[in-house]
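Topology and contacts: notes
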Amino acid sequence: MSATMIKEFRLPDLGEGLTESEILSWKVAVGDTVTLNQVIAEVETAKAVVELPSPFAGTVAALHEQAGSVVEVGKPIVSFEVDDAGASPSGVAGSDAGISGEAASTGSQAEVAGKREPNLVGYGAVVEKSGRPARRQRAFDGGAAEREPVREPVPGVEPVSAVGQPAPLAVPSETTAEREPTAEQERPRSTPPVRKFARDLGIDLELVKGTGPAGLITRSDVQNFAAGPQVQILGRVGAPAAAPAVGISAERETRTPIKGVRKFTAAAMVQSAFTAPHVTEFLTVDVTPTMELLTRLKASREFAGYKLTPLTIAAKAVLIALRRNPSLNSRWDEGAQEIVQFNYVNLGIAAATPRGLTVPNIKDADKMTLLELSTALSELTDTARSGKTSPADLTGGTISITNIGVFGIDAGTPILNPGEAAIVALGSVRKAPWVHNDELAVRQVMSLSLSFDHRLVDGEQGSKFLADLGAILSDPATVMTMI
């Protein structure tokens, strides 16, 4: 009889730096026999719903997390009982490769917990034994000094001044020597990226309450603080949100946990709104010629069976206008202090899904024909609405389109997708009185809204792009003069 061993599978990083995922459902149960690459769970990251394949062939020994649980990357979620000889399939390694069942049960897997090993869907995070990031000691006055505890409020003392302004937090009584400030005390505990993020938003970290291990200030803490400045005015800095008043029926309000796609979208919008100086311009154009072109294309043999919409033509027009105005297809690299101009276009399309707003993108859309673009748009929207968009399709966009016209809206001020220089909002196509050939006539008109990052795009460049886009949609034949 062959020997068996227990293999733990830790939640991998399913995207670019994602820190947690929610287990929506398990596709297996304890005692089930699974094969390599068999789907064992469906998980939702901050960006998409992903099917999780098994990295081993064997028997499910334990499920460490229940459906509905939010699990940090690197935490064990399932254990398998596998044959010793087939524990490490070719090209696949589990989180605890080489550990026997006896060793796993006694916790000896700590020896390999620090390894970041590949699996079928990403990389497991390095798990610290202490459960918190390791920090380098800094030397002060010629020796290593331990960082003193984070200041805590004195029980019963409300740190708000008589005039309603936040007062300094009180600290427990201590000797004069203990109160001597050190370089480490002067700066709240946070990581360099978080300090830079707070600096970009103009936020003093002294005012932010950390929710991480030992009071560590995280990026979400800064984002929450930036999104709720009223906290500084109405009450104590860092105070939790008020609970529902006593006596109010739960039927009068509904509370929904902020997680998954909604949480990611909220953070991205706050980041974009507070880091990129937005400018929005508007243009209303007569798109009657475009609608007539659309009718002819739908009747043609080449496009028979394909889905053609105003979005299809508008997307192609955006790609053509970008050739003449490449500054809108770029990003701001703060770290390198450079403007990065893309020589390709990954066209993002905002999609409303049951789980929230997502912006999947079409890779190398600028190289596609109108027929190929039509197919790509149909596949992208169908996949997004089903919640099956992959993390790869949600990253790497260079410019985006949001089609608010499908909701009967004419114009808006769209917020930039983080890392992009521009976004175009397409309004609804409406019949309206319009001066055509010096005569008043009923025409089909559309409003275009363009938001752009003023660090990257000057008013002249943004205006020229919008004018080119409007010219194409009002007279598709003008494309001949642009390419």
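Going by the structure above, here's the rest.
Rules used throughout
- Residues numbered from 1 in each chain as written.
- Predicted model: local features only at pLDDT ≥ 70, side-chain atom pairs only at ≥ 80, totals over all residues.
- Heavy atoms only, no water.
- Pairing = 2+ DSSP bridges.
- Helix = DSSP H or I, 4+ residues; strand = E, 2+ residues; numbered from the N terminus.
- Salt bridge = Lys/Arg side-chain N within 4 Å of Asp/Glu carboxyl O.
- Buried < 20%, exposed > 50% of the residue type's maximum accessible area, 1.4 Å probe, protein only.
- Expected span 1.5 Å × (residues − 1).
- Contact = heavy atoms within 4.5 Å.
- Axes fitted to C-alpha atoms, helices over the stretch in contact; angles between N-to-C directions.
- Phe/Tyr/Trp six-rings, centres within 6.5 Å; stacked < 30°, edge-to-face > 60°.
- Lys NZ or Arg CZ within 6 Å of the ring centre and 35° of its normal.
- Core = buried A, V, L, I, M, F, W, Y, C linked by side-chain atoms within 4.5 Å.

**So, the sheet that holds strand β9 (residues 76–83)**
Strand order in the open sheet made by the four strands is β1-β9-β7-β4, with antiparallel pairing throughout. In the strand order of this sheet, the two ends are held by β1 (4–10) and β4 (33–34), each with one partner. In terms of strand pairing, β4 meets strand β7 (residues 58–63) through two bridges, oriented antiparallel. From the neighbouring strand, Val34 faces β7, where its bridge partner is Gly58.

**Some thoughts on the pattern of salt bridges**
Evaluated as defined, the whole model comprises ten salt bridges. For the salt bridge of Asp333 with Arg331, the shortest nitrogen-to-oxygen distance reads 3.9 Å. Notably, a salt bridge pairs Glu460 with Lys464, separated by 3.1 Å at the nearest N-O pair. Taken together, the positions of Glu460 and Lys464, both in helix α9 (residues 459–474) and four residues apart, correspond to about one turn of that helix. With relative accessibility at 54%, the residue Glu460 sits in the exposed group. In this structure Lys464 comes out as partly exposed when scored by relative accessible area, which is 46%.

**Re helix α6 (residues 288–299)**
Helix length check: α6, at twelve residues, gives a terminal C-alpha distance of 17 Å against a target of 16 Å (1.5 Å per residue), a fit within 8%. Listed as buried for α6 are Thr288, Thr290, Met291, Leu294 and Leu297. On its buried side, α6 packs onto β14 (278–286), α7 (310–324), α8 (370–385), β24 (439–453) and α9.

**A word on the sheet that holds strand β5 (residues 39–44)**
Read from one edge to the other, the open sheet built from four strands follows the order β6-β5-β3-β8, with strand pairing classed as antiparallel. Single-partner strands in this sheet number two, and they are β6 (49–53) and β8 (70–72). With direction set aside, neighbouring strand axes in the sheet form an average angle of 40°. With four bridges connecting them, strand β3 (residues 20–26) and β5 associate as antiparallel partners. The partner of Ser25 across the bridge, within β5, is Glu42.

**Regarding the packing of aromatic side chains**
Overall, the coordinates contain two aromatic pairs when judged by the stated rule. Aromatic side chains Phe342 and Tyr344 sit 5.4 Å apart centroid to centroid with 55° between the ring planes, which places their arrangement in the tilted category. On the accessibility criterion, Phe342 (13% relative accessible area) is buried. In this arrangement the basic side chain of Arg219 is found over the ring face of Phe197, its NZ or CZ atom lying 3.9 Å from the centre.

**A closer look at the nonpolar core**
Counting residues in each nonpolar core, the largest one holds 48 residues, and the members touching the most others are Leu347 and Phe465. Those elements giving two or more residues to this core turn out to be α6, α7, β17 (347–349), α8, β21 (399–402), β22 (422–426), β24 and α9. If you tally residues by element for this core, the top one is α7, at ten residues. Sequence-distant contacts of Leu347, defined by excluding residues within four places in its chain, comprise Ala315, Leu319, Pro360, Asn361, Ile362, Ala365, Ile399 and Ile401. Leu11, Val43, Phe56 and Val78 belong to the second largest nonpolar core, which has 20 residues in total.

**Details of the pairing of β6**
Where burial is concerned, most of β6 is hidden: four out of the five residues are buried. Of the pairings in the sheet, the one linking β5 to β6 comprises five bridges and is antiparallel in character. Along β6, the bridge assignment pairs Glu42 with Glu51.

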